[in-house]
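One letter stands for each residue in the lines below.
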Amino acid sequence: GSGAVLLVSANGPKVALLVAFTDDLKGRFHAGKVVGQLAAHVGGRGGGRPDMAQAGGSDASGIPAAMDAFRTLLAEG
């Protein structure tokens, strides 16, 4: 099937993000670029391959904004 995944982990202020897309969505989304945009919400940086990418940050209070941004990106994509 077709799918997009955002995994978020928080340990105190430390945040880890993982974004993945199935092969059929790689033409519309690049996981490395998406995770980089989301990382800005949690005070971090990230990047990776078109199908899967990771990021880290230091501001767990930005997690809801990152999740909203992911939903918006998917809706607009």
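Here, the structure is the one placed above.
Residues numbered from 1 in each chain as written. Predicted model: local features only at pLDDT ≥ 70, side-chain atom pairs only at ≥ 80, totals over all residues. Heavy atoms only, no water.

**Thoughts on the overall build of the chain**
Reasoning step 1: In terms of helices and strands, the chain carries two helices and four strands.
Reasoning step 2: Reading the helices (α) and strands (β) of the chain from amino to carboxyl end gives β-β-α-β-β-α.
Reasoning step 3: Over its C-alpha trace the chain gives a radius of gyration of 12 Å, about what one expects of a compact globule, namely 11 Å for 77 residues.
Reasoning step 4: Dimensions of the chain, computed from the C-alpha atoms along their principal axes, are close to 35 × 20 × 20 Å.
Reasoning step 5: Looking at the 77 residues of the chain, the share that counts as buried comes to 29%.
Reasoning step 6: For the chain, long-range pairs separated by at least 24 residues make up 42% of all intrachain contacts whose partners lie at least 6 apart in sequence. (Helix = DSSP H or I, 4+ residues; strand = E, 2+ residues; numbered from the N terminus. Rg over C-alpha atoms; globule rule 2.2 N^0.38 Å. Buried < 20%, exposed > 50% of the residue type's maximum accessible area, 1.4 Å probe, protein only. Contact = heavy atoms within 4.5 Å.)

**Overview of the sheet that holds strand S4 (residues 52-57)**
Reasoning step 1: Here four strands make up an open sheet; going across it, the order is S1-S2-S4-S3 and the pairing antiparallel. With partners counted over all chains shown, the strands left at the sheet margins are strand S1 (4-11) and strand S3 (45-48), one partner each. Taking each pair of neighbouring strands and ignoring which way they run, the sheet shows an average axis angle of 10°.
Reasoning step 2: As defined by bridge partners, strand S2 (residues 14-21) adjoins S4 across six bridges and the pair is classed as antiparallel. Bridging across to S4, Ala16 finds its partner in Gly56.
Reasoning step 3: Where helix H1 (residues 31-39) meets the sheet, it contacts S1, S2, S3 and S4, and its direction lies at approximately 150° from that of S2. (Pairing = 2+ DSSP bridges. Axes fitted to C-alpha atoms, helices over the stretch in contact; angles between N-to-C directions.)

**As for the environment of Ala40**
Reasoning step 1: Here Ala40 shows up in the loop between H1 and S3.
Reasoning step 2: In this structure the C-alpha to C-alpha distance between Ala40 and Pro64, which are 24 residues apart in sequence, comes to 12 Å.

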